[in-house]
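For reference, the chains in residue letters:
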Amino acid sequence: MKFFLINRGLSGSPTYEAHYAEPDEVDPVLIGDGPRCPECGSQLGHKVWLPPHLFELSNTKYPDLLHVTFSLFASDRLLQIVLDNGITGIESMAPPATVVRVAHRSLDKLKKQPPVYREIHLIQLPLKFDERMSGFVRKSKDMCIFCQSNEQVKKYNGLILDTQNYDGTDLFEVIGWGGYQFASERAVEIFRINNVTGVDFVSAETYVPFWMIPEWWKLDKLSPLAR
């Protein structure tokens, strides 16, 4: 059983922007705290961007999936693909976001209008990682059994899930690892067949955050964006 990270690639690099519009939040930006572990108090997920969701885009190459602040925003096209193919795991959606400007121009001056984007929230599953196979190096030997928070992990060689309690959900986060969105092999295949853009699916088994890679900025030309 194989899983993938829904990765934004090397966002912010010239290579990324050549493919997709980059989002930038527009005030007011209201940030709330994410949920916390009832046992140890660690933050279980990323912070929450509260409505209203206002942002501008850097160009008219609109992707199906946007990473804005701590959130995922899906286009209506992407959400229709999810619905048509029975892809599970989206727990809730926010009302449509407002794209204020594109490339510093108001929408009434654009020939190509942006799609409707909605923030999506993925279900959090109580799964565990195989820490030995994943090469986890923890900051201390103490670990909360409930949340296994990633705040306690300083290095790993991949994210290999223990699938004993996996229920087949296609899109999900793992409790204690908010901000790391996972996709099933089935979902990735459907997204690729439908040419979903704005996402780089990376095998979770070999995933390492870019900030753990020496001189990661040199990988721009190798980043397989928007497969």
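Scroll up to find the structure.
It should be emphasised that the depicted structure is a prediction, and the values quoted were computed from it without experimental measurement.

## Observations regarding the sheet that holds strand 10 (residues 105-106)
The strand order 2-5-9-10 describes an open sheet built from four strands, whose pairing is mixed. Looking at strand neighbours, the two that pair on one side only are strand 2 (23-25) and strand 10, the edges of this open sheet. Here strand 9 (residues 98-102) runs beside strand 10; their pairing, made up of two bridges, is antiparallel. By the bridge assignment, Arg 101 is partnered in strand 10 with Ser 106.

## Some words on the sheet that holds strand 7 (residues 71-75)
A sheet is described by the order of its strands in space; here four strands give the open sequence 6-7-11-8, paired in antiparallel fashion. Because the sheet does not close on itself, it has two edges, and the strands there are strand 6 (65-68) and strand 8 (90-96). On average, adjacent strands in this sheet sit at an angle of 35° to one another, irrespective of strand direction. Across four bridges, strand 7 lies against strand 11 (residues 117-122) in antiparallel orientation. When the sheet's bridge partners are listed, Leu 72 is paired in strand 11 with Ile 120.

Rules and cut-offs
- Residues numbered from 1 in each chain as written.
- Predicted model: local features only at pLDDT ≥ 70, side-chain atom pairs only at ≥ 80, totals over all residues.
- Heavy atoms only, no water.
- Pairing = 2+ DSSP bridges.
- Helix = DSSP H or I, 4+ residues; strand = E, 2+ residues; numbered from the N terminus.
- Axes fitted to C-alpha atoms, helices over the stretch in contact; angles between N-to-C directions.

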